[in-house]
Amino acid sequence: MADNIDNLLTETRRFPPAPEFTAQAVATTELVSSAADDRLAFWAEQSRSLLTWQKPFTEVLDWSNPPFAKWFADGRLNVAYNCLDRHVEQGNGERVALHWEGEPGDTRSFTYSELTAEVKKAANVLLSLGVREGDRVVIYLPMIPEAVISMLAVARIGAVHSVVFGGFSAESLRARIDDASATLVITADGGWRKGSVSALKPAVDEALEVSEHGTTTVAKVLVVQRGHNEVEWQADRDVWWHEAMAGAAEEHVAEAFEAEHPLFILYTSGTTGKPKGILHTSGGYLTGASYSHRNVFDLHPETDVYWSTADIGWITGHTYVVYGPLANGATQVIYEGTPDSPEPGRWWDLIEKYRVTLFYAAPTAIRGFMKAGREIPNRRDLSSLRLVGSVGEPINPEAWIWYRDVIGHGDVPVVDTWWQTETGSIMISALPGLTTLKPGSAQVPLPGIAVDVVDDQGAPVGNGEGGLLVITEPWPSMLRGIWGDPDRYIETYWSKFGRTVYFAGDGARKDEDGDIWLLGRVDDVMNVSGHRLSTAEIESALVSHPIVAEAAVVGAADETTGQRVVAFVILRTSQVDTMSTEDAVAALRGHVQHEIGAIAKPHTIFLVQELPKTRSGKIMRRLLRDVAEGRDIGDTTTLADTSVMQIIHAQVG
Ligand code: 6R9
């Protein structure tokens, strides 16, 4: 982090908005001033103008029992209707909603009319399988149109989806199904990744085999045929999507639900081993998604072609692939595969092919492309782009400049957007056309959002100082809780500085102008390629292996992926001489992949005999990070045994 800060402190490049961009920009100075005048009136106005409420709300915010917020509570709406039917009713049924591209090059597109028709049928399929309002449906799918259709169909009938990233293992899937007590799983036989079909259904079969209590809450599994790979079939449980859809009724009238009706649960890593089921509800979430998508991406739905490369398994895929763009009637691209398959210019080919105008990706991908060289994007026509965005981790100034110069032909606004699964939508970003851009800084809270940087006591720091990032007023798309665990909700986010201040877990700095520069997590959460991973979760996976006595995991800085997972493992004495180091390391990496998923697999595992601990027994990860990053070891005076670090150094050396 120290290098990072030095780098940021010396960054002085500035890019004022181009007057032509400002002249047509969605975000205006009036927007900013109306939010500043009366925050709640501003949100009410945004929600009324952006969404269609079946029953208009009269209350804006109920914050009488913090941190449990209610937004627009006496209003009723249907989220899927807002993303689909109303665009058709307003005469935009022929506009393309999705241009989908499969990894092997097959394509499908859906107009708003066609997507609405599909979602209505899928809603009827869910009802026929016994899914009812409030039931939880787990979605474990590749990036195929059925992923979007499933989410909207679940929302349409007032059920609650929990999307699990297709890269997660059967174990992770099982834990999420159990925690949410899901009754239906929607999956596919397989999906395309890096040139071949990667099976998905076997993980579902395994996850449902032995649930913790020997039973499972899941009654049915709906299976999309995508990979055409062989799958095992349980006739009383498994249903082919295409067969069910072929027999489904076409009409479905969207019923209105309360604004605070649960919309989805999305699991994310926290500081302990158990992932948290972040709960989002309907009216406030959709308000935040639609508002931020329109203003941050400068969306002109009639002419823009938008593409966010995020998978639906992450919050970005929820808010900026499904809900924000579709609520706004946007035309977008979705792509099934990996950025470099079948060849390293695939993303740029897609931008050229679909004339993408607004593009949203993660810094890790940008840095990967930077390494591969500008010749690859330079061979494509990227002239259609008029704005590019970044999300998931801090984007270092050099990657920012490369992104603007090489992808954005040197003249597009770059929006670096800070937000979290918990915040539901973008909280901090430049407003294109208004903000003078600073490479490396997320810059300013969106109008209507109250952000600050505070010291350990909760006092705001001055300009030019660093501290902890907080959100000081509730906002419409805020999380409403952790599924089944209200105490953990309070404890994690709302106890450090009292019940009304949201603690984000990120370090930040205010510059001379009061703009915000994000500095990374201050807790034991790592960020690998923009994916949140918990040190505790990987440690507990490691110690669940019979050869392991103890394990400590740290995130070490990595040029491309931001951080990488490095593990320090003490083997059980009985194992030390029976297994070679290579075999033990291979077994442990495989085990973490099996327990959590490939993204959590440690990059490096050091087998050691000791771990550095404080006198109270806490592992000092800071010191292990020094080792993992090849730095001189910092202050060891609080160690119980100060010689430990020399020993570890000698062992990993
Ligand atoms: C949207 C998303 C959230 C964590 C967050 C922070 C990091 C995200 C960032 C950023 C610096 C940005 N993060 N965007 N850090 N600049 N523009 O990524 O959600 O997966 O929940 O991760 O990601 O550390 O706390 P999520």
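Counting restarts for each chain: residues are numbered from 1 in the order of the written sequence. Local features in a predicted model are, by the rule used here, given only for residues with pLDDT of at least 70; side-chain atom pairs are given and counted only at 80 or more, and totals for whole chains, interfaces and linings are based on all residues. Hydrogens and water are ignored here; the side-chain numbers use all heavy atoms of the structure.

- As named in an unreviewed UniProt entry, the protein chain is Acetyl-coenzyme A synthetase, taken from Frondihabitans cladoniiphilus.
- UniProt positions are given in the numbering used here, feature names are shortened, and annotations may be inferred rather than shown by experiment. A UniProt comment under Cofactor (unreviewed entry) is attached to the protein chain, and it reads "Mg(2+)".
- Turning to the protein chain, the UniProt annotation filed under Sequence similarities (unreviewed entry) states: "Belongs to the ATP-dependent AMP-binding enzyme family."

### Focus on the site of the ligand
Part 1 of the argument: What surrounds the ligand is a group of 17 residues, the closest being Asp 416, Thr 417, Thr 421, Asp 506 and Arg 532.
Part 2 of the argument: Counted as a polar contact is a pair of N or O atoms within 3.5 Å, where, for protein atoms, one must be capable of donating a hydrogen and the other of accepting one, and residues adjacent in sequence contribute only when both atoms are in side chains. One nitrogen or oxygen atom from the side chain of Thr 421 is found 2.5 Å from an oxygen atom belonging to the ligand.
Part 3 of the argument: In this structure, Arg 532 approaches the ligand through a side-chain N or O atom, which is 2.7 Å from an oxygen atom.
Part 4 of the argument: Methods summary: accessible areas were calculated by the Shrake-Rupley approach with a probe of 1.4 Å, and residue burial reflects only the protein chains presented. The fraction of the free accessible surface of the ligand (530 Å²) that becomes covered by protein chains is 96%.
Part 5 of the argument: The set of elements that each furnish at least two residues to the shell around the ligand consists of helix H13 (315-327), strand S20 (414-417) and strand S25 (516-521). Here, proximity means that at least one heavy atom of the residue falls within 4 Å of the molecule or strand. Each helix corresponds to a stretch of at least 4 residues labelled H or I by DSSP, and each strand to a stretch of at least 2 residues labelled E; elements are numbered beginning at the N terminus.

### Some remarks on the sheet that holds strand S4 (residues 96-101)
Part 1 of the argument: If you walk across this open sheet you meet the 7 strands as S5-S4-S17-S16-S18-S19-S20, and the pairing is mixed. Looking at strand neighbours, the two that pair on one side only are strand S5 (107-111) and S20, the edges of this open sheet. The mean angle between the axes of side-by-side strands here comes to 15°, regardless of whether they run parallel or antiparallel.
Part 2 of the argument: Sheet topology places S4 next to strand S17 (residues 331-335); 4 bridges connect them, and they run parallel. Looking across to S17, one finds that Leu 98 is bridged to Gln 332. Strands were regarded as paired on the criterion that DSSP finds at least two bridges between them. In this description, a line fitted to the C-alpha atoms serves as the axis of each element, helices being fitted only across the stretch in contact, and the angle between N-to-C directions of two axes falls anywhere from 0 to 180 degrees.

### Examining the pattern of salt bridges
Part 1 of the argument: Each reported salt bridge corresponds to a side-chain nitrogen of Lys or Arg within 4 Å of a carboxyl oxygen of Asp or Glu. Applying the stated criterion across every chain yields a total of 37 salt bridges.
Part 2 of the argument: The structure contains a network of salt bridges with shared partners spanning Lys 201, Asp 205, Arg 237 and Asp 238.

### Things to note about the side chain of Asp 515
Part 1 of the argument: Residue position: Asp 515 is located in the loop between strand S24 (502-510) and S25.
Part 2 of the argument: A polar contact is formed between the side chain of Asp 515 and the side chain of Lys 438, at a distance of 2.9 Å.
Part 3 of the argument: The contact definition used throughout considers only heavy atoms, calling two residues in contact when any of these lie within 4.5 Å. Beyond its immediate sequence surroundings of up to four residues, Asp 515 is in contact with Lys 438, Ser 441, Gln 443, Val 444, Arg 509 and Lys 510.

### Some remarks on the nonpolar core
Part 1 of the argument: Within the largest apolar cluster, 188 residues are counted, with the highest numbers of intra-cluster contacts made by Tyr 323, Phe 359, Leu 469 and Ile 538.
Part 2 of the argument: Nine residue types can take part in a nonpolar core, namely buried Ala, Val, Leu, Ile, Met, Phe, Trp, Tyr and Cys, and a core is a set of them joined through side-chain atoms within 4.5 Å. Residue exposure (1.4 Å probe, protein chains only): buried if accessible area is under 20% of the type maximum, exposed if over 50%, otherwise partly exposed. Counting 20 residues, the second largest nonpolar core, distinct from the first, contains Ala 556, Leu 611, Val 627 and Met 645.

### Quick notes on the pairing of S5
Part 1 of the argument: Here S4 pairs with S5 via 5 bridges, running antiparallel. Along S5, the bridge assignment pairs Glu 101 with Thr 107.
Part 2 of the argument: Once S4 ends, the chain turns through 5 residues before running back antiparallel as S5, passing Gly 105 with a positive phi of about 105°.

### What about helix H18 (residues 486-493)?
Part 1 of the argument: Within H18, burial applies to Arg 488, Tyr 489, Ile 490 and Tyr 493.
Part 2 of the argument: Structurally, H18 contributes buried residues whose contacts are with strand S2 (68-71), strand S15 (276-281), strand S23 (481-482) and S24.

### Side note on empty space enclosed by the protein
Part 1 of the argument: Within this scheme a cavity is a closed region of a 1 Å grid, computed over the protein atoms alone, that accommodates a 1.4 Å probe without allowing it to escape, whereas a pocket is open but has protein on both sides within 12 Å along at least five of seven lines; lining residues each have an atom within 4 Å of a point. Grid points are joined across faces, edges and corners, and a volume is the space filled by probe spheres set on the points. Considering all chains together, one arrives at 3 cavities of 30 Å³ or more under this definition.
Part 2 of the argument: Along its surface, the largest cavity is lined by Leu 77, Asn 78, Val 79, Ala 155, Gly 158, Ala 159, Phe 257, His 261, Pro 262, Leu 263 and Ser 282.
Part 3 of the argument: When grouped by side-chain class, the residues that make up the lining of the largest cavity number 7 nonpolar, 4 polar and no charged.
Part 4 of the argument: A volume near 40 Å³ is recorded for the second largest cavity.
Part 5 of the argument: Taken together, Trp 43, Gly 288, Tyr 291, Ser 292, Ser 425, Ile 426, Met 427, Leu 446, Ile 449, Trp 475, Pro 476 and Ser 477 form the lining of the second largest cavity.
Part 6 of the argument: Broken down by element, the lining of the second largest cavity gets its largest block of residues, 3 residues, from helix H12 (residues 283-296). Note on residue classes: Ala, Val, Leu, Ile, Met, Phe, Trp, Tyr, Cys and Pro are nonpolar, Asp, Glu, Lys and Arg are charged, and everything else, Gly too, is polar.

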